[in-house]
Amino acid sequence: MSRPVIGIIGNSYLLNDQYPTHAGGTMNSEAISQVSNCLPLIVPSHPDLVCVNELLEVCDGFLFTGGRPNVHPEEYGEDATDAHGEFDRCRDAITLPLIRACVERGQPFFGICRGFQEVNVAMGGTLYPEIRELPGRMNHRMPPDGTLEEKFEIRHNVHFDEGGVFHHLLGSTCVRTNTLHGQGIKTAGSRVVIEGQADDGTPEAIHIQDAPGFTLSVQWHPEYKAVEDPVSRVLFTAFGDAARDWKTSRV
Ligand SMILES: N[C@@H](CCC(=O)NCCCC(=O)O)C(=O)O
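Residues numbered from 1 in each chain as written. Predicted model: local features only at pLDDT ≥ 70, side-chain atom pairs only at ≥ 80, totals over all residues.

Per an unreviewed UniProt entry, the chain goes by the name Gamma-glutamyl-gamma-aminobutyrate hydrolase family protein and belongs to Aliiroseovarius salicola.

What follows is the structure in structure tokens.
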């Protein structure tokens, strides 16, 4: 049997400052192929090109990837300010309804960074535009300059609730992670269970209460060195297993 297909949510970039592209990081494709053992398929996230129903039909699961532009605050009932930075309304138009449909159907997804934030907003939650401006919070952004290793360096703890899904899966109530984001969860969406937090209280790991499928999502970047990182391996393996179960259940 062929491997389950994972739709990797692509981001929009200008190649060479000129040529518009939909692209996904190589590290996402490697994690999906080499750890989840699924077929990585990059999705052009634009509502003129793909529709949610087609994606649900073609893919067995979805990776809601990281991405620099923020979810538009209109999606959670707030006005855009300078602090909200740049947006990708085309990606919002695909991912938010896609997440809701997956939750409803039990179709597996794994949310990462911007994808984690999308899961919260899709379920009715809100985001802070810039968490480093909140009292007591650390700066979770990556260093603006530096090598990839420096940007993806392990920088903080994530503490999981005792007895929760993440604790069970990872066999620990504390892991060390990288961190490359400016925004963070302000209020949790309906059925969004926050099960992991950084030392400064920033939400880092969530799932959807009573969802029939895999809905784990994290604010850090487990796709970085996923083949060798023990925490990433567990998460991507569990996601791949969930996609295999979904594929088997629908034949
Ligand atoms: N925009 C959000 C999400 C940050 C995020 O996903 N960072 C990864 C960036 C990877 C890339 O540049 O493609 C925030 O800042 O909170």
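Structure's up, so let's keep going.
Engineer: So what about the overall build of the chain? Which residues, and what values?
Structural biologist: Counting its secondary structure elements, the chain contains seven helices and 13 strands. For a compact globule of 251 residues, the expected C-alpha radius of gyration is about 18 Å, and the chain comes in at 17 Å, within 12% of that figure. Judged by the C-alpha coordinates and their principal axes, the chain covers about 50 × 45 × 35 Å. Per-residue burial over the chain gives 42% buried out of 251 residues. When contacts within the chain are restricted to residue pairs at least 6 apart in sequence, those whose partners lie at least 24 apart make up 70%. (Helix = DSSP H or I, 4+ residues; strand = E, 2+ residues; numbered from the N terminus. Rg over C-alpha atoms; globule rule 2.2 N^0.38 Å. Buried ≥ 20, exposed ≤ 12 C-beta atoms within 10 Å, placed from the backbone. Contact = placed C-beta atoms within 7 Å.)

Engineer: Break down the sheet that holds strand S4 (residues 39-43) for me, with residues and values.
Structural biologist: Reading across from one edge, S4-S1-S5-S6-S13-S12-S11-S8-S9 is the order of the nine strands in this open sheet, with mixed pairing throughout. The open sheet has two free edges, formed respectively by S4 and strand S9 (174-177), since each of these has just one partner strand. Where strand S8 (residues 156-160) lies against S9, four bridges are found, and the strand directions are antiparallel. Its bridge partner being in S9, Val 158 is matched across the sheet by Val 175. The strands that helix H4 (residues 114-122) touches are strand S1 (5-9), strand S5 (61-64), strand S6 (109-112), strand S11 (192-198), strand S12 (203-208) and strand S13 (217-218); relative to S6, the one it contacts most, it runs at about 115°. (Pairing = 2+ DSSP bridges. Axes fitted to C-alpha atoms, helices over the stretch in contact; angles between N-to-C directions.)

Engineer: Just give me the short version of the nonpolar core, but keep the residues and values in it.
Structural biologist: In this structure, Ile 6, Phe 62, Leu 63, Phe 64 and Ile 99 are the most contacted members of the largest nonpolar core, which totals 55 residues. Of all the elements, helix H7 (residues 230-249) adds the most residues to this core, at six residues. Those residues in contact with Leu 63, other than ones at most four positions away along the chain, are Ile 6, Ile 8, Ile 9, Asn 28, Ile 32, Phe 110 and Ile 112. (Core = buried A, V, L, I, M, F, W, Y, C linked by C-beta atoms within 7 Å.)

Engineer: Go over the packing of helix H3 (residues 89-105) against H4, please, and point to the residues and values.
Structural biologist: Following both chains from N to C, one finds H3 and H4 inclined at 65°, their axes separated by 9 Å at the closest point. By the angle class used here, H3 and H4 are roughly perpendicular. Crossing of H3 over H4 shows right-handed handedness. Packed against H3, whose contacting residues are Thr 95, Leu 96, Ile 99 and Arg 100, the element H4 presents Glu 118, Val 119, Val 121 and Ala 122 at the interface. The residue inventory of the contact of H3 with H4, partitioned by class, reads five nonpolar, one polar and two charged. (Parallel < 35°, antiparallel > 145°, perpendicular 65-115°, else oblique. Left-handed = near helix turned anticlockwise from the far one by under 90°. Nonpolar A, V, L, I, M, F, W, Y, C, P; charged D, E, K, R; others polar.)

Engineer: Could you give an account of the pairing of S5, with specific residues and numbers?
Structural biologist: Judged by which residues are buried, S5 turns out to be covered on both faces: Gly 61 and Leu 63 on one side and Phe 62 and Phe 64 on the other are all buried. As defined by bridge partners, S1 adjoins S5 across three bridges and the pair is classed as parallel. Counted as the bridge partner of Gly 7 is Phe 62 from S5. Two elements, S5 and S6, share three bridges in a ladder whose sense is parallel. Looking at the pairing, Phe 64 lines up with Gly 111 of S6.

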